[in-house]
Amino acid sequence: MLIFHTVHQLQNYLRHQKQKGLITGFVPTMGALHQGHLSLLEDSKKATDLTICSIFVNPTQFNDPKDFEKYPVTISIDVELLLKAGVDVLFLPSVKEIYPNGTVNQPHYDLGFLETVLEGKYRPGHFQGVCQVMHRLLTIADAHHLFMGQKDYQQCMVINHLIETQKIPTKLHIAPTLRESDGLAMSSRNMRLTKEDRQTAVAISQTLTQMKMQLQPGSLQKIKDDATAFLTSKGFRVDYTEIAHADTLALVNNWNGTDPVVALIAAYIGEIRLIDNMLLTKTD
Ligand code: AMP
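Residues numbered from 1 in each chain as written. Predicted model: local features only at pLDDT ≥ 70, side-chain atom pairs only at ≥ 80, totals over all residues. Heavy atoms only, no water.

Looking at the overall build of the chain
Helix and strand counts for the chain stand at 11 helices and 11 strands. Relative to the compact-globule value of 19 Å for 284 residues, the chain shows a C-alpha radius of gyration of 19 Å, a close match. Residues counted as buried form 54% of the 284 residues belonging to the chain. Surface accessibility of the chain: about 13,400 Å² in total, with carbon and sulfur atoms responsible for 52%. Distance from the positive charge centre (27 side chains) to the negative charge centre (29 side chains) of the chain: 2 Å. (Helix = DSSP H or I, 4+ residues; strand = E, 2+ residues; numbered from the N terminus. Rg over C-alpha atoms; globule rule 2.2 N^0.38 Å. Buried < 20%, exposed > 50% of the residue type's maximum accessible area, 1.4 Å probe, protein only. Areas by Shrake-Rupley, 256 points an atom, 1.4 Å probe, with all protein chains shown as cover. Lys, Arg positive; Asp, Glu negative; His and termini not counted. Charge placed at Lys NZ, Arg CZ, Asp CG, Glu CD.)

Below is the structure:
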């Protein structure tokens with residue numbers, strides 16, 4: 001595996017590989033890698049000739065500075081995992097390399113409705129940071145294919161919007177959420193949970209399953225209220241338990257029985273904020 005720290009070196013290398021006709025796949029991450037990340041890398045390896053993984057904890061997407069400071073960093077373990085996974089290239093840039101002109105005065109992206117609901121509403125500025133880093137990374141990697149996880153449902157929609165509006169010639173593939181054996185969605189943040197909170201955290205996926213079972217045409221208010229009440233009773237501080245149109249993320253209060261819908265949850269256990277989602281109208 002080749003490790004590049006600078007844009008210049010990475011682009012030089014990739015130019016030569018593409019001249020040979022190789023198809024490239026890109027998996028951007030913030031490190032602290034787990035099986036969920038590895039499944040994306042596996043998808044890329046199957047679909048392309050050369051897989052590029054990036055590890056970059058992007059400061060501009062953290063609306064909470066404490067969350068940024070405490071974000072887990074496990075680079076040497078990550079490198080081992082990537083070697084075992086057979087990844088071809090690791091891009092490990094510094095903040096200066098990604099933002100040579102600094103992190104302030106970055107471009108603003110018009111995300112419309114997507115920035116006003118759910119993660120957009122509860123994490124102001126988060127998706128601006130996501131777009132800033134992803135626009136830069138996608139331009140640098142200039143890959144044929146991009147692999148991201150359904151775990152970050154709204155993020156996938158934001159990136160889809162970015163690719164379309166900025167006319168980025170990379171195809172987005174969305175992979176299913178990998179879960180622990182008890183159902184907890186894998187996440188780098190899980191390693192910050194205490195033993196007790198880790199056990200409690202399973203309630204999020206249980207709630208999503210319950211929401212799926214309760215779904216029927218008509219008002220969805222009781223389903224959402226039950227979900228919040230259950231999580232609160234378990235000790236969570238709930239940001240939202242919502243049901244939205246799976247294609248637009250427009251919140252659905254009355255379901256017509258046919259529109260595709262997704263349930264989405266964001267809740268704190270202790271100081272750790274966890275998110276998860278489940279498609280309610282098809283098997284996840
Ligand atoms: P992150 O390192 O959290 O920024 O995530 C990097 C990529 O991995 C994103 O596309 C995430 O959606 C994806 N990802 C994170 N957790 C999972 C999971 N449990 N299953 C599948 N993909 C995931």
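On we go.
With respect to helix H10 (residues 203–214)
Taking 1.5 Å per residue, 12 residues should reach 16 Å; H10 reaches 16 Å between its end C-alpha atoms and fits that length. Those residues of H10 lying buried are Ala-203, Ile-204, Ser-205, Thr-207, Leu-208 and Met-211. (Expected span 1.5 Å × (residues − 1).)

Focus: the UniProt feature "binding site: beta-alanine" (unreviewed entry) in the chain
In the numbering used here, UniProt assigns the "binding site: beta-alanine" (unreviewed entry) feature to Gln-61. If you trace the backbone, Gln-61 turns up in the loop between strand S3 (50–55) and helix H3 (65–69). Its relative accessible area of 10% is what places Gln-61 among the buried residues. Apart from the residues within four sequence positions on either side, Gln-61 is in contact with Met-30, Arg-123, His-126, Gly-129, Val-130 and Val-133. Among the polar contacts listed, one links the side chain of Gln-61 to the side chain of Asn-58, at a separation of 3.1 Å. (UniProt positions renumbered as here; feature names shortened; annotations may be inferred. Contact = heavy atoms within 4.5 Å. Polar contact = N/O pair within 3.5 Å; in protein donor to acceptor, adjacent residues only side chain to side chain.)

Some words on the site of the ligand
By nearness alone, 16 residues border the ligand, and Met-30, His-37, Asp-152, Leu-178 and Met-186 come closest of all. Note that an oxygen atom of the ligand is positioned 3.0 Å from one of the backbone N or O atoms of Gly-149. Contact distances for the ligand include 2.6 Å between an oxygen atom and a side-chain N or O atom of Asp-152. Relative to its unbound accessible surface of 490 Å², the ligand loses 92% to contact with the protein. Going through the elements one at a time, strand S2 (24–29), helix H2 (35–47) and strand S5 (145–149) are the ones with two or more residues in the shell around the ligand. With 3 residues, H2 is the largest single contributor of residues to the shell around the ligand. (Near = heavy atom within 4 Å.)

Overview of unusual backbone geometry
The backbone of Lys-167 sits at a positive phi, close to 50°, despite the residue not being glycine. On the secondary structure map, Lys-167 appears in the loop between helix H8 (153–165) and strand S6 (171–175). The exposed category is assigned to Lys-167, whose relative accessible area is 68%. In this structure, Leu-249 is a non-glycine residue whose phi angle is positive, near 70°.

Focus on the packing of helix H1 (residues 7–19) against helix H7 (residues 126–141)
Relative orientation and spacing of two packed helices are given, respectively, by the angle between their axes and the distance between those axes. Between H1 and H7, the shortest axis-to-axis distance is 9 Å and the interhelical angle comes to 45°. One way to sum up the angle between H1 and H7 is to call them oblique. Counted together, Val-7, Leu-10, Gln-11, Leu-14 and Lys-18 of H1 and Arg-136, Thr-139, Ile-140 and Ala-141 of H7 form the full contact between these two elements. Broken down by class, the residue content of the contact of H1 with H7 amounts to 5 nonpolar, 2 polar and 2 charged. (Axes fitted to C-alpha atoms, helices over the stretch in contact; angles between N-to-C directions. Parallel < 35°, antiparallel > 145°, perpendicular 65-115°, else oblique. Nonpolar A, V, L, I, M, F, W, Y, C, P; charged D, E, K, R; others polar.)

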